[in-house]
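Chain residues, written in single-letter form:
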Amino acid sequence: IVAWFLADLGRNGSDQSAEPPVPNLSEAYAEVAVFIRSKAAAVRLAPSSATAWGEYAMALDAHEYRSDAIRCYETANELEPTDARWKYLLALRIKESNARRATSLLDELVSDGHNNVAVVIELADILGQSGKPEELTELLDPQKTDSSSHPAIIVKIAENVFADGDTAKAEQLLDLLN
């Protein structure tokens, strides 16, 4: 009986920690409130589903419930750390308040081979704003990124070269876009 009680107590405790945050929806449009509540209900039905948490986070994020969205992205990322979506969306949401953690999340994605244009651009922006030119140069090295011929990446490389004072090389890079 004691083992059953302790197991049940542990299960109840984990269910409580899996309770999704629900923002104050009193001023939301009725359709928005119904949608957000339905996503919260999906999380309650499947509290160990990263997809349910992530979809709920996106719904909250789309309707500007940012702090609740961050909490849900964090949970989705904890539940499924190999799913690039939750790491990327969490990094986007926290980059203003916690650039170091956002950098770490995006760095993980690049290290794991998720170095698509969106990830590289976001990481480049944070590194540039954080005053980390060496890391930025390494990130944008054409030998290290599959997307070095993408116009957005070429512009980032040109910005970086220009910041280093090589205006001729920056102009040469930008000419590639014509």
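Above this text sits the structure in question.
Just so we're clear, the structure is a prediction, and the values are computed from it rather than from any experiment. Counting starts from 1 at the beginning of each chain's written sequence and moves along it residue by residue. A pLDDT threshold of at least 70 governs which residues receive local features in this predicted model, and a stricter bar of 80 or more applies before side-chain atom pairs are shown or counted, although totals over entire chains, interfaces and linings include all residues. Only hydrogens and water are removed before side-chain values are computed, so all heavy atoms of the structure are retained for them.

Q: I'd love a proper account of the overall build of the protein, names of residues and values included.
A: Runs of H or I in DSSP of at least four residues are treated as helices and runs of E of at least two as strands, each being numbered from the N terminus. Within the protein, the secondary structure is distributed over 10 helices and 0 strands. Along its sequence from the N terminus, the protein presents helices and strands in the succession α-α-α-α-α-α-α-α-α-α. Only protein chains enter the accessibility calculation, which uses a 1.4 Å probe. A residue is then buried if its area is under 20% of the maximum for its type, exposed if over 50%, and partly exposed in between. Buried residues in the protein amount to 37% of all 178 residues. Calculation of accessible area relied on Shrake-Rupley with a 1.4 Å probe; when residues are assessed, cover is drawn exclusively from the protein chains displayed. Entry remark: accessible area of the protein is about 10,600 Å², with carbon and sulfur atoms responsible for 53%.

Q: Tell me what's going on with the environment of E19, and back it up with residues and numbers.
A: Turning to its location among the elements, E19 is positioned in the loop between α1 (2–17) and α2 (30–45). Contact partners of E19, with chain neighbours within four places excluded, come to R44, W53 and R71. Whenever two N or O atoms come within 3.5 Å, that pair is a polar contact, provided that in protein one can donate a hydrogen and the other can accept it, and provided that, for residues adjacent in sequence, both atoms are side-chain atoms. Of the polar contacts made by the side chain of E19, one reaches the side chain of R44; its length is 2.8 Å. In this description, contact between two residues means that some pair of their heavy atoms is separated by no more than 4.5 Å.

Q: Just give me the short version of the nonpolar core, but keep the residues and values in it.
A: Nonpolar cores were defined as sets of buried Ala, Val, Leu, Ile, Met, Phe, Trp, Tyr and Cys residues, with membership established by side-chain atoms within 4.5 Å. By size, the foremost hydrophobic cluster in this structure holds 47 residues, and its most contacted members are I36, Y56, L60, L106, L140 and I153. A total of 8 residues in this core trace back to one element, the largest contributor, which is helix α7 (residues 117–129).

Q: Describe the side chain of N160, naming the residues involved and giving the relevant values.
A: With respect to the helices and strands, N160 occurs in helix α9 (residues 151–163). Here N160 falls in the buried class, since its relative accessible area comes to 9%. Side chain to side chain, N160 and T137 meet in a polar contact 3.0 Å long. Each residue touching N160, except ones within four places of it in the same chain, is listed here: L136, T137 and L140.

Q: I'd like a description of unusual backbone geometry, backed by residues and values.
A: Although it is not a glycine, E64 sits at a positive phi angle of roughly 65 degrees. Among the secondary structure elements, E64 is positioned in the loop between α3 (50–62) and α4 (66–79).

Q: Lay out α9 with the relevant residues and their values.
A: Helix span, as expected, comes to 1.5 Å for every residue beyond the first. When the terminal C-alpha atoms of α9 are compared, their 18 Å separation across 13 residues agrees well with the 18 Å that a helix rising 1.5 Å per residue should span. Residues I153, I154, K156, I157, A158, N160 and V161 constitute the buried set of α9. Where α9 is buried, its residues touch α7, α8 (133–139) and α10 (167–175). The positive-phi residue at the C-terminal boundary of α9 is G165, with phi of around 95 degrees.

Q: Pulling in residues and values, what's your account of the pattern of salt bridges?
A: A pair is scored as a salt bridge if a Lys or Arg side-chain nitrogen falls within 4 Å of a carboxyl oxygen belonging to Asp or Glu. Here the structure, examined in full by the defined rule, presents 10 salt bridges. Of the charged contacts in the structure, one is a salt bridge between D61 and R66, with a shortest N-O distance of 2.6 Å. Residue R66 is classed as partly exposed on the basis of its relative accessible area, which comes to 33%. The shortest N-O distance in the salt bridge between E159 and K156 comes to 3.2 Å. With a gap of 3 residues between them, E159 and K156 both fall in helix α9, about one helical turn apart. The class of K156 is buried, set by a relative accessible area of 16%.

Q: Give a detailed account of the packing of α2 against α3, specifying residues and quantitative values.
A: Interaxial angles span 0 to 180 degrees and are taken between N-to-C directions of axes, which are lines fitted to C-alpha atoms, for helices over the stretch in contact. It is the contact of α2 with α3, at a shortest axis distance of 8 Å, that shows an interaxial angle of 160 degrees. Judged on the interaxial angle alone, α3 and α2 are roughly antiparallel. Judged by the twist between their axes, the crossing of α2 over α3 is left-handed. Note on element contacts: α3 touches α2 through A52, W53, E55, Y56, A59 and L60, opposite F35, I36, K39, A40, A42 and V43. Roughly parallel here means an angle under 35 degrees, roughly antiparallel means over 145, roughly perpendicular means 65 to 115, and every remaining angle is called oblique. The handedness criterion is simple: a crossing whose near helix is rotated anticlockwise from the far helix by less than a right angle is left-handed, and one whose near helix is rotated clockwise is right-handed.

Q: Describe the side chain of D68, naming the residues involved and giving the relevant values.
A: Tracing the backbone shows D68 in helix α4. Counting rule for charge: Lys and Arg are taken as positive, Asp and Glu as negative, and neither His nor the chain ends is counted. The side chain of D68 sits in the buried core without any salt bridge; R71 is the nearest counter-charge, 5.6 Å away. Other than its neighbours up to four places away in sequence, D68 contacts P21, V22, P23 and L60.

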